[in-house]
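For reference, the chains in residue letters:
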Amino acid sequence: MTTNSTTITIVGGGLGGLTAAIACAEAGASVVLHEAHRSLGGRGRATSPAPYVVHDGAHVFYADGPHYRWLAKRGLVKGLGWPSPLGFSRVRFRVDGRLRLAPPVSVLRAQSHRWLKAPVDEDFHSWASGRWDERTARQMASMIGVATYDADTGRLSAAFVWDLFQRVYGPRMPGVRWVKGGWQTVLDRMVQRARELGVRIETSSRVDALPEDGPVIVATQLASAARLLGEDNLSWTSGHCALLDIAVRADAKDRNLVFDLDEGAFHESYTMQDDSVAPRGESLYQLQMPVRRNEKHAETHRRLRAFADQVLPGWGDRVTFERTAIAKGRMGALDLPGQTWRDRPAIDRGNGVYLVGDMVAAPGMRGEITINSAITAAHQALGAATHERKVRT
Ligand SMILES: Cc1cc2nc3c(=O)[nH]c(=O)nc-3n(C[C@H](O)[C@H](O)[C@H](O)COP(=O)(O)OP(=O)(O)OC[C@H]3O[C@@H](n4cnc5c(N)ncnc54)[C@H](O)[C@@H]3O)c2cc1C
C-alpha cells in the first residue's frame, strides 16, 4: 500500500490515463487526473449526434492478451455483442476489383506458415516477395491494412507485419470483442471505477507544464507529450487514412465486413453486433481508406466512396447519417525495418515522469499498447511514490 501523502498526477483522460488512474488508485495511491477536453475518453469517445453511436475510430478490443484480462477482471468489458451467422455470411474480400468469399489460395497458403519467423531488419514486401511472390506479398500487406491504416504496409518491418497478420487472421480468428455501446460504454465504466476509488478528475484542465512534485504519468498523444516534456524528437510512425461513417436504411445486398486486398481499405458494420448504435431498420458502418504518399485527401475520399459504392450498392439513396474525417498519426505505432516495440519511446522518462500511449515501448497493437504501457507506468509511478515517501520520512 502506498501512502496518501504523495500524489500521482496523470495528464490525459483517455483509455491510457484512466487505466493508469485505476491501477494507481487500486494500490492505495492518491491520484489526480487532468483532462484538457470537457469530457473524458480521448480517441475512444463516441463523437456522433444521438441516436447514432460513432467513435473517432476505435471499436474493437483484442481478447488474447493481458490487457483484456485486466479489463475483464474489473467488469469493464462485459455486455458483448456478437454477429449472427447471417452477419458473418456477408463478409467479403476485394481482389482485383471484385468481391470474393475468400482471399486467393496463394494468400491462404502463405498465411498457413504460422511457425515462420520474419526478420526485424527487412521490410515486409521484400521478405514476403522473396518467400512467395510479389503479388501475394502486396495482397497480404493490403489485407492487414485493417490494422495498420497505411497505404504502404510493405515498407514496415517484416516481423511487425507478419506477427500482426498472424494475430488478426490466425487460427483463432476473430479474437476481437465488441462491447455493446462501443468504447464509450467501457470508458464510462472506467470513469465510474476511478471515481469510486477516489481519483480526483479535473476536466477542461489542460496541463501546460509538468508539476514539480510527485510522479507524473503523461497519457496524451505523443505529439502533445513531446511539447509537455520538451522533447522535440519524441515521435513514431503511425497510419494515415480517410474515414467514412455512414448509416443507411438496411438492404439485403449490403456487406458487413470487407477486407480489401487491392488498396488496403476496410469496411465494417457496427450494427451487425450491436443494434443499439443506430435506429431500428438502419445499419451503421465505418469505412477506411489509407492515404497514399503525396495523395490529396480529396482523391483518397473519392477512392473511399468508390469502395462504398461497391460494398453498399446504392447507399447514396438510403443514407441517413454521414460523416467524413482524416485520421493521421492517431492509430497506434507502426514499426519500420530494424525496429521492434522495445525501440519505441521509453515509458520511464527519468525524474519520476512516465509516458503512456499507443506509440510507446509496450507490446501489442493500438489501444492494447496504451493499456499495457499504462499498467507498467502505474507500477513504476507507485514505486517512485513509495521511494519519495521513504526519503521524506
Ligand atoms: C480510426 C481509428 C481506429 C481505431 N481503431 C481501434 C480499434 O479498433 N482497437 C483499438 O484497440 N484501438 C483502436 N484505435 C486506437 C485507439 O483509439 C487508441 O489507441 C486509444 O484510444 C489511445 O488512448 P490514449 O489514452 O493513449 O490516447 P487518447 O485517447 O488520445 O487520450 C489522450 C487524452 O489526453 C488529453 N490531453 C492531451 N494533451 C493534454 C494536456 N496538455 N493536458 C491535459 N490533457 C491532455 C486529450 O484531450 C485526450 O483526451 C483506433 C484509432 C483510430 C483513430
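Residues numbered from 1 in each chain as written. Predicted model: local features only at pLDDT ≥ 70, side-chain atom pairs only at ≥ 80, totals over all residues. Heavy atoms only, no water.

Caption draft 1: Examining empty space enclosed by the protein more closely. Under the defined criterion, the tally for this structure stands at two cavities of 30 Å³ or more. The wall of the largest cavity is formed by V53, H55, H59, W178, V179, G181, G182, Y270, Q273, D274 and V277. The residue makeup of the lining of the largest cavity, split by class, is five nonpolar, five polar and one charged. Approximately 60 Å³ is the volume attributed to the second largest cavity. Taken together, the residues of the lining of the second largest cavity break down into eight nonpolar, two polar and one charged. Residue-level mapping places the lining of the second largest cavity at the junction of two domains, with at least three residues from each of domain 1 (7-45 + 182-236 + 343-392) and domain 2 (80-179 + 240-328). (1 Å grid on protein atoms, 1.4 Å probe; cavity = no way out; pocket = protein on both sides within 12 Å on 5 of 7 lines; lining within 4 Å. Points joined across faces, edges and corners; volume = space filled by probe spheres on them. Nonpolar A, V, L, I, M, F, W, Y, C, P; charged D, E, K, R; others polar. Domains from an automatic or database assignment.)

Caption draft 2: The packing of helix α5 (residues 124-131) against helix α6 (residues 134-143), seen in detail. Viewed as axis vectors pointing N to C, α5 and α6 meet at an angle of 135°, and their least axial separation amounts to 7 Å. With respect to α6, the axis of α5 lies oblique. The interaxial crossing formed by α5 with α6 has right-handed handedness. Contacts between α5 and α6 involve F124, H125, A128 and S129 from the former and E134, A137, R138, M140 and A141 from the latter. (Axes fitted to C-alpha atoms, helices over the stretch in contact; angles between N-to-C directions. Helix = DSSP H or I, 4+ residues; strand = E, 2+ residues; numbered from the N terminus. Parallel < 35°, antiparallel > 145°, perpendicular 65-115°, else oblique. Left-handed = near helix turned anticlockwise from the far one by under 90°. Contact = heavy atoms within 4.5 Å.)

Caption draft 3: View of the nonpolar core. The biggest cluster of nonpolar side chains holds 62 residues, and the ones touching the most others in it are I8, M190 and I217. With ten residues, helix α12 (residues 367-392) is the single largest residue contributor to this core. Among all residues touching M190, those that are not within four sequence positions of it are L15, L18, T19, I22, W70, L71 and L76. Ranked by size, the runner-up nonpolar core spans 38 residues in total, among them A118, A141, W178 and L334. (Core = buried A, V, L, I, M, F, W, Y, C linked by side-chain atoms within 4.5 Å. Buried < 20%, exposed > 50% of the residue type's maximum accessible area, 1.4 Å probe, protein only.)

Caption draft 4: How the structure looks around the pairing of strand β10 (residues 240-249). Of all ten residues in β10, nine are buried, a share of seventy percent or more. Across nine bridges, β10 lies against strand β14 (residues 319-328) in antiparallel orientation. By the bridge assignment for β14, A242 is matched with I326. Taken together, the nine bridges between β10 and strand β13 (residues 282-290) define a ladder with antiparallel strand orientation. Residue pairing across strands places R249 opposite E282, the latter belonging to β13. (Pairing = 2+ DSSP bridges.)

Caption draft 5: Expanded view of the sheet that holds strand β6 (residues 98-100). Taking strand neighbours across the sheet as the criterion, the seven strands line up as β6-β5-β11-β12-β13-β10-β14 in an open arrangement whose pairing is mixed. What marks the edges here is a single partner per strand, and that holds for β6 and β14. Strand after strand, the sheet turns through a mean of 20° between neighbouring axes, direction not considered.

Caption draft 6: Quick peek at the side chain of S238. Locating S238 in the fold gives a position in the loop between α10 (222-229) and β10. At a separation of 2.8 Å, a polar atom in the side chain of S238 contacts the main-chain carbonyl oxygen of G332. Every residue in contact with S238, bar those within four places of it in the chain, is listed here: D150, G329, R330, M331, G332, L334 and M359. (Polar contact = N/O pair within 3.5 Å; in protein donor to acceptor, adjacent residues only side chain to side chain.)

Caption draft 7: Fine view of the layout of surface pockets. Its boundaries defined by the atoms lining it, the second largest pocket holds a volume of some 410 Å³. Only α8 (158-169) and α12 provide two or more residues apiece to the lining of the second largest pocket. Here the lining of the second largest pocket gets five residues from one element, more than from any other, and that element is α8. Residue composition of the lining of the second largest pocket, grouped by class: nine nonpolar, six polar and six charged. Summarising the domain contributions, the lining of the second largest pocket has at least three residues from each of domain 1 (7-45 + 182-236 + 343-392) and domain 2 (80-179 + 240-328).

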